[in-house]
Amino acid sequence: MGEFKPLVFSGVQPTGNLHLGNYLGAIRKFVALQENNDCIYCVVDLHALTAQLVHEDMASQIRSITAAFLASGIDPKSHIVFNQSAVPQHAELAWIFNCVARIGWMNRMTQFKDKAGKDREQASLGLYAYPSLMAADILVYRATHVPVGEDQKQHLELTRDIAMKFNLDFMEHIRRAGQGIDITVGDEPVHAYFPMVEPLIDGPAPRVMSLKDGTKKMSKSDPSDLSRVNLMDDAETISKKIRKAKTDPDALPSETEGLKGRPEADNLVGIFAALADKSKEDVLKDFGGQQFSVFKPALVELAVEVLSPISAEMRKLMADPAHIDSILRDGGERARARAEKTMNEVRDIIGFVK
Ligand code: TYM
């Protein structure tokens, strides 16, 4: 029995401002994973075309996400940071995956239903095929671990389904091409070319909620800016948004059990815990029995302490776009070499004449 070489991959779309949900659900985890893993982090610019085709500021959005990666502590030398369009192999594998994935699978994707809205006929074909490109992003490197927020869970399940169907449908071809390794999936032995990816969703804030409504996800597309803390907000804005965040009138509980049915309290405690690298239990040990009038100022202080250096560094980086571009070019080159190795093998497996 073999095992795939561990590799971390994740992506962030260059659309709109990054917010605390993106930071805690994804980027902060990217940073932590660098220590013991080989990591590839991608600005997924091809995905940005799916909901809106024309972007006036595409280039600056790509640079801004890259700056957020670097300012948060991602090391582009030991790992890889690049933008998706620089590696055409993503789109090539996505086409093959379009032919692997079944329409019935795509029809179940809740994010498509949410993003397409009522008038589904007017949604782009790209929005529909979005998860197939996402599977290609990951599997073109044969990555094994994918840190994401909870909203991406269904897409990663689909990635596993696509990998499994490819492995089973092409099993003999994979063997003949001298590729793949023997793994077990559940109890089933499979000679697999693509790994079954593991989502990394855990942590105290896998789903950061809106500051205005604890039942709604914090999101770039919420019309109210008060619903989210943006990575580039200054200290005063962060303070205003947290002070105005919706809460209930009760004191904080001493145990996490007491957060049930209190979505706003649960959300703020989760945010505090993630920013402090603590568990919710530990936060409640310190703040159980306290009113929000005590907890909120502590949260403001912590959020400003964590986010201010990041936004300051982002501003500095954004002032030198040529430097960011050179990092992306270097990362793109290294990513392309790895992706091409996979595609070369995939072309052999399928039987394309080269
Ligand atoms: P995107 O760009 O919408 O979001 C980037 C990351 O932020 C996480 N996230 C959140 N986490 C917690 N709470 C929230 N409120 C919140 N909002 C966003 C997302 O889960 C994500 O991890 N489809 C992806 C991009 C992508 C990708 C990939 C990710 C394309 N290819 C391959 C992983 C692997 C997306 O739209 O993320």
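Residues numbered from 1 in each chain as written. Predicted model: local features only at pLDDT ≥ 70, side-chain atom pairs only at ≥ 80, totals over all residues. Heavy atoms only, no water.

What counts is decided by this rule: UniProt positions are given in the numbering used here, feature names are shortened, and annotations may be inferred rather than shown by experiment.
The name that an unreviewed UniProt entry assigns to the protein is Tryptophan--tRNA ligase, with the source organism given as Ciceribacter sichuanensis. The protein has a UniProt comment under Subunit (unreviewed entry) that states "Homodimer."

### Section: the site of the ligand
Inclusion rule: Residue proximity to a molecule or strand is established when one non-hydrogen atom of the residue lies within 4 Å of it. Here a polar contact is recorded for every N or O atom pair within 3.5 Å, except that within protein the pair must consist of a potential hydrogen donor and a potential acceptor, and residues adjacent in sequence are included only if both atoms are side-chain atoms. Only the protein chains shown count as cover for residues, with accessible areas throughout obtained via the Shrake-Rupley method and a probe of 1.4 Å. Numbered from the N terminus, helices here are DSSP runs of H or I no shorter than four residues, and strands are runs of E no shorter than two. Residues are sorted three ways: Asp, Glu, Lys and Arg are charged, Ala, Val, Leu, Ile, Met, Phe, Trp, Tyr, Cys and Pro are nonpolar, and all the rest, Gly among them, are polar.
Around the ligand sit 27 residues, and of these Gln13, Tyr130, Asp137, Asp151 and Val208 come closest. Take glycine 149: an N or O atom from its main chain is 2.9 Å from an oxygen atom of the ligand. Burial of the ligand by the surrounding chains reaches 96%, relative to a free accessible area of 710 Å². Those elements that place two or more of their residues in the shell around the ligand are strand 1 (8-12), helix 1 (20-33) and helix 6 (125-139). Taken together, the residues of the shell around the ligand sort by class into twelve nonpolar, ten polar and five charged.

### Regarding the domain arrangement of the protein
Accessible area lost when the parts come together is the quantity often used to give the size of an interface. The criterion, for reference: Those domain boundaries reflect an automatic or database domain assignment. Buried area: the sum, over both parts, of the accessible surface (1.4 Å probe) that disappears when the two are put together. Think of a salt bridge as a Lys or Arg side-chain nitrogen and an Asp or Glu carboxyl oxygen that are within 4 Å of each other.
Structurally, the protein comprises domain 1 (8-204 + 321-350) and domain 2 (225-317). The C-alpha centroid of domain 2 is placed 30 Å from the C-alpha centroid of domain 1. If you sort the residues of domain 1 by the area they bury against domain 2, Leu20, Arg28 and Pro204 come out on top, with a joint share of 37%. Inspection of the region where domain 1 meets domain 2 yields one salt bridge. Of all elements in the fold, only helix 1, helix 2 (58-72) and helix 13 (321-350) reach the threshold of two or more residues within the side of domain 1 that touches domain 2.

### Description of helix 2
To keep it simple, the criterion reads: Given the number of residues in a helix, its expected span is that number minus one, multiplied by 1.5 Å. Partly exposed residues are those whose accessible area sits between 20% and 50% of the maximum for their type, while under 20% is buried and over 50% is exposed, using a 1.4 Å probe and protein chains only. In what follows, a contact means two residues having at least one pair of non-hydrogen atoms within 4.5 Å.
For helix 2, spanning 15 residues, the distance from its first C-alpha to its last is 21 Å, which sits close to the expected 21 Å at 1.5 Å a residue. Of the residues making up helix 2, those classed as buried are Met58, Gln61, Ile62, Ile65, Thr66, Ala67, Ala68, Phe69, Leu70, Ala71 and Ser72. Next to the buried residues of helix 2 lie strand 1, helix 1, strand 2 (39-43), strand 3 (80-83), helix 12 (292-318) and helix 13.

### Some details on the side chain of arginine 262
On the secondary structure map, arginine 262 appears in the loop between helix 9 (235-244) and helix 10 (263-276). Owing to a relative accessible area of 12%, arginine 262 belongs among the buried residues under this scheme. A polar contact is formed between the side chain of arginine 262 and the side chain of aspartate 248, at a distance of 2.7 Å. Non-local contacts of arginine 262, meaning those with residues more than four positions away in its chain, are made with Asp248, Asp250, Ala251, Leu252, Pro253 and Phe292.

### A word on a nonpolar patch on the surface
Cut-off, in case you're wondering: For patch detection, residues must exceed 30% relative accessible area and be free of salt bridges, and they are connected within 9 Å for like charges or within 5 Å for nonpolar side chains (Val, Leu, Ile, Met, Phe, Trp, Tyr).
Taken together, the side chains of Leu49, Leu53 and Val54 define a hydrophobic patch exposed on the protein surface, amounting to about 300 Å² of accessible area. Here leucine 53 shows up in the loop between strand 2 and helix 2. Leucine 53 sits in the exposed class, given a relative accessible area of 64%.

### Topic: the pairing of strand 6 (residues 188-192)
Heads up, the rule is: By the convention used here, strands pair only if DSSP detects at least 2 bridges between them.
Sheet analysis places strand 5 (residues 181-185) next to strand 6, joined by five bridges and oriented antiparallel. Its bridge partner lying in strand 6, valine 185 is registered against glutamate 188. Between strand 5 and the antiparallel strand that follows it, strand 6, lie two residues; glycine 186 among them carries a positive phi value of about 65°.

### What to know about the nonpolar core
Where a protein is soluble and globular, its nonpolar side chains tend to be buried together. Heads up, the rule is: As used in this record, nonpolar core signifies buried Ala, Val, Leu, Ile, Met, Phe, Trp, Tyr and Cys residues forming a set joined through side-chain atoms within 4.5 Å.
Residues Leu20, Tyr23, Leu24, Phe69, Ile271, Leu275 and Phe295 are the most contacted members of the largest nonpolar core, which totals 62 residues. Residue contributions to this core peak at 13 residues, all from helix 12. Here this core spans two domains, and each of domain 1 (8-204 + 321-350) and domain 2 (225-317) adds at least three residues to it. Counting 56 residues, the second largest nonpolar core, distinct from the first, contains Phe4, Leu139, Ile183 and Ala335.

### A word on the packing of helix 2 against helix 12
Two quantities define a packed helix pair, namely the angle between the helix axes and the distance between the axes. Worth spelling out the cut-off: For helices, the fitted axis covers only the stretch in contact; all axes are lines through C-alpha atoms, and the angles between them, taken along N-to-C directions, range from 0 to 180 degrees. In what follows, roughly perpendicular refers to angles from 65 to 115 degrees, roughly parallel to angles under 35, roughly antiparallel to angles over 145, and oblique to any angle outside these ranges. Each crossing gets its hand from how the near helix is turned against the far one by less than a right angle, where anticlockwise is left-handed and clockwise is right-handed.
It is at 8 Å that the axes of helix 2 and helix 12 come closest, and there the two elements cross at 130°. Judged by the angle between their axes, helix 2 and helix 12 are oblique. The two elements helix 2 and helix 12 cross, and the hand of that crossing is right-handed. From helix 2, Ser60, Arg63, Ser64, Ala67, Ala68, Leu70, Ala71 and Ser72 reach across to helix 12, where they touch Ile310, Glu313, Met314, Leu317 and Met318. Among the residues making up the contact of helix 2 with helix 12, the classes are represented as eight nonpolar, three polar and two charged.

### Some details on the UniProt feature "short sequence motif: 'HIGH' region" (unreviewed entry) in the protein
The UniProt record annotates "short sequence motif: 'HIGH' region" (unreviewed entry) at residues 14-22. The span residues 14-22 shows a helical share of 33% and a strand share of 0%, and its end C-alpha atoms are spaced 12 Å apart.

### Some words on the pairing of strand 2
So the rule is basically this: Seen with its strands pointing away from the viewer, a crossover is right-handed if its path from the first strand over the helix to the second goes clockwise.
With five of five residues buried, strand 2 lies mostly within the body of the structure. Covered by surrounding structure in strand 2 are Cys39, Tyr41 and Val43 together with Ile40 and Cys42, the residues of both alternating faces. Pairing geometry for strand 1 and strand 2, over five bridges, is parallel. When the bridges of strand 2 are listed, glycine 11 appears paired with cysteine 42. A crossover links strand 1 with its parallel partner strand 2, the connecting element being helix 1, and its sense is right-handed. Examined bridge by bridge, strand 2 and strand 3 share four bridges and lie parallel to one another. Considered in strand 3, the bridge of tyrosine 41 is made with valine 81. In this fold, strand 2 hands off to helix 2, which returns the chain to strand 3; that crossover is right-handed.

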